[in-house]
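Spelled out, the chains give:
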Amino acid sequence: MTLIRPLSNHVALVTGASRGIGRGIALQLGEAGAKVYVTGRPQKNSEGKQTPLEKVAAEITQRGGVGVAIFCDHSNPDKVKDLFEQIKKENDGQLDILVNNAYAGVDFVFENATNKFFDLDPVESFDSANNVGLRNHYICAVYASRLMIPRKQGLIVTISSLGGMGYLFDVAYGVGKAGCDKLASDMAVDLLNTGILSVSLWPGAVRTEAVQEAFLKTDNPFKKIFEKGESVEYSGKCIVALATDTEREKFNGNILTTALLGRKYNIFDEGNTQPMETRPRFQKYLNVVNELRTPADFRKNLEG
Ligand SMILES: NC(=O)c1ccc[n+]([C@@H]2O[C@H](COP(=O)([O-])OP(=O)(O)OC[C@H]3O[C@@H](n4cnc5c(N)ncnc54)[C@H](O)[C@@H]3O)[C@@H](O)[C@H]2O)c1
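Below: a short report on this structure. Every chain begins its residue count from 1, and numbering advances along the sequence as written. Totals for whole chains, interfaces and linings use all residues, but because this is a predicted model, local features are given only for residues with pLDDT of at least 70 and pairs of side-chain atoms are given and counted only at 80 or more. Hydrogens and waters are ignored; side-chain quantities use all the structure's heavy atoms.

**Some words on the pattern of salt bridges**
Rules: Salt bridges, as used here, are contacts in which a Lys or Arg side-chain nitrogen is within 4 Å of a carboxyl oxygen on Asp or Glu. Only DSSP runs of H or I covering at least 4 residues are called helices, and only runs of E covering at least 2 are called strands; the numbering of each starts at the N terminus. Only protein chains enter the accessibility calculation, which uses a 1.4 Å probe. A residue is then buried if its area is under 20% of the maximum for its type, exposed if over 50%, and partly exposed in between.
Under the criterion given, the structure shown has 10 salt bridges. R23 is paired through a salt bridge with E209; the nearest N and O atoms lie 3.9 Å apart. One end of the pair, R23, is in helix α1 (residues 20-31); the other, E209, is in helix α7 (residues 209-215), and 186 residues separate them in sequence. Given the relative accessible area of 35%, E209 is considered partly exposed.

Quick look at the structure:
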C-alpha cells in the first residue's frame with residue numbers, strides 16, 4: 001500500500017524534539033513526508049551510539065520523511081540564529097512549518113508543583129519556564145517569519161497549555177503559557193495578509209517519558225489525569241491535519257486544543273481513542289478570547 005504523504009516538499013522545524021511532545025510532532029510530520037529539522041541540547045554520543053535526537057531524526061527518515069538532527073541550545077540566541085542560517089542555506093530559503101515546542105522547565109515544574117511561588121528561587125523558577133519556553137519561541141518566530149514571508153506561506157504553531165488560562169503547576173509556568181498564547185495571536189496580527197498562519201496549540205495531558213516517570217509510577221494527585229492522557233504523537237497528527245487544511249486561515253491567531261482539532265479532523269489516538277473534549281466552560285473562554293483576538297478585526301479596530 002502506498003502511503004499518501006501530504007507534506008512531501010515541505011520543510012519543517014520542531015524545536016526540542018529529542019523526547020516528549022516535540023518528538024511525537026516531528027515523527028508525524030516526517031510520516032507525512034516532510035523534511036524535518038529536529039533540535040535538542042548538545043549531547044555527546046557515547047561509543048559511537050546515536051543520541052536520542054539522532055534516533056528521532058533516523059526514525060523520521062524511516063517513516064518516509066527526511067530527518068535532520070541539529071544540536072542547538074535554545075537558551076542561546078546566537079545558536080538559534082545559526083540554526084536558521086543553516087536551514088536557509090540547506091533549503092534555498094524554504095521553511096514551511098515552525099513548531100515552537102522546546103521547553104526546559106519540566107523537571108523543575110514536576111519537582112516544585114506543590115510549592116508556592118514565594119518559596120522558590122525567583123530567577124530559577126522564572127527562567128526555567130520562560131527562557132527557552134517563551135523568549136526563545138519569540139526569537140525563532142522572528143527568524144522563521146523572515147524565511148516564510150518572501151515565499152508567502154507558512155505555519156507557526158506555538159505549543160502552550162491550559163496553564164495559559166488557569167492556574168496549573170506554578171506561577172511562572174502559567175505566566176509563560178499565557179505569554180505563548182499572546183505571542184501566537186499578536187504575531188497573527190503582524191502576519192496578516194502575508195500568507196503565514198500563527199496559532200497556539202494546547203495538547204491535553206500527554207503521556208510523555210517525563211510524565212510516565214514522575215506521575216504514573218506512584219500514587220499522586222496527577223496520576224488520574226495523565227493515565228488517560230494523549231500519546232506524544234497526537235499533537236503531531238493535529239498539526240499535520242491543520243497544515244494540510246486549505247481553509248486553515250480561519251484559525252489565524254487562535255488558541256486551539258488537540259481535543260477540538262481531533263474532533264474537527266476526525267483524528268484518533270492509540271487504541272482508537274480521542275482526548276476528552278475541552279470542558280464547556282474552558283471552550284467558552286477560548287471562544288471569547290479567540291473572537292477578541294481575530295487579527296483582521298483587531299487591525300480594523302486599530303485603524304478605527
Ligand atoms: N506533557 C504534557 O502533558 C503537556 C501538556 C500540554 C502542554 N505541554 C507543553 O508541551 C511542551 C513540551 O513539553 P514536554 O512535556 O514534551 O517536555 P519534555 O521535557 O518531555 O521535552 C522538552 C524538549 O525540549 C528540549 N529542550 C529543553 N531545553 C532545551 C534547550 N535549552 N535547547 C534545546 N532543546 C531543549 C528537551 O531536550 C526536550 O526534547 C511544553 O511547553 C509543555 O508545557 C505538555
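**Things to note about unusual backbone geometry**
The backbone of K152 sits at a positive phi, close to 55°, despite the residue not being glycine. Secondary-structure assignment places K152 in the loop between α5 (122-151) and β5 (154-159).

**A closer look at helix α3 (residues 77-90)**
For clarity, the threshold we go by: Multiplying 1.5 Å by the helix residue count minus one yields the expected span of that helix. Read the arc as the range of directions from the helix axis to the C-beta atoms. Should any heavy atoms of two residues lie within 4.5 Å, those residues are counted as being in contact. Counted as a polar contact is a pair of N or O atoms within 3.5 Å, where, for protein atoms, one must be capable of donating a hydrogen and the other of accepting one, and residues adjacent in sequence contribute only when both atoms are in side chains.
Between its first and last C-alpha atoms α3 spans 20 Å; for 14 residues at 1.5 Å apiece the expected length is 20 Å, and the two agree. Taken together, the buried positions of α3 are V80, L83, F84 and I87. Relative to the axis of α3, the buried residues are bounded by an arc of 90° and lie together on one face. Facing away from the buried side of α3, by more than 90 degrees, are the exposed residues D78 and K89. Lining the buried residues of α3 we find β1 (11-14), β2 (35-40), β3 (66-71), β4 (97-100) and α5. Put simply, N76 is the residue that caps the front of α3, since its side-chain oxygen is 2.9 Å from the backbone nitrogen of D78.

**Focus: the state of the cysteines**
The condition that has to hold: By convention in this document, the label disulfide applies to cysteine sulfur atom pairs within 2.5 Å.
The tally for this structure, following the rule as stated, stands at 0 disulfides. Here C72 stays unpaired: no disulfide links it, and the sulfur of C140, its closest cysteine neighbor, is 7.2 Å away. Cysteine C180 remains unbridged, with the sulfur of C140 as its closest cysteine sulfur at 12 Å. Look at C180 and you get buried, because its relative accessible area is 0%.

**Looking at the nonpolar core**
Which entries qualify depends on this criterion: Remark: nonpolar core denotes a set of buried residues (Ala, Val, Leu, Ile, Met, Phe, Trp, Tyr, Cys) joined through side-chain atoms within 4.5 Å.
Counting 39 residues, the largest nonpolar core has L29 and V38 as the members making the most contacts within it. Ranked by residue count, the leading element in this core is helix α9 (residues 234-243), at 7 residues. Ranked by size, the runner-up nonpolar core spans 24 residues in total, among them I70, V80, M148 and L183.

**Comments concerning the sheet that holds β1**
So the rule is basically this: DSSP calls a pair of strands paired once it identifies at least 2 bridges connecting them. Between N-to-C directions, angles cover 0 to 180 degrees, with each direction set by a line fitted to C-alpha atoms, over the stretch in contact for helices.
Spatial ordering of the open sheet is given by β3-β2-β1-β4-β5-β6-β7, a layout of 7 strands whose pairing is parallel. Across the chains shown, the open sheet's two edge strands, defined by having one partner strand only, are β3 and β7 (255-257). Within this sheet the neighbouring strands show an average axis-to-axis angle of 20°, counted without direction. As paired strands, β1 and β4 are joined by 3 bridges and run parallel to one another. Opposite A12, over in β4, you have I97 as the bridge partner. Across the face of the sheet, helix α2 (residues 52-62) comes into contact with β2 and β3 while running at roughly 165° to β3. Its contacts with the sheet put α5 on β4, β5 and β6 (196-202), and the angle it makes with β4 is roughly 175°.

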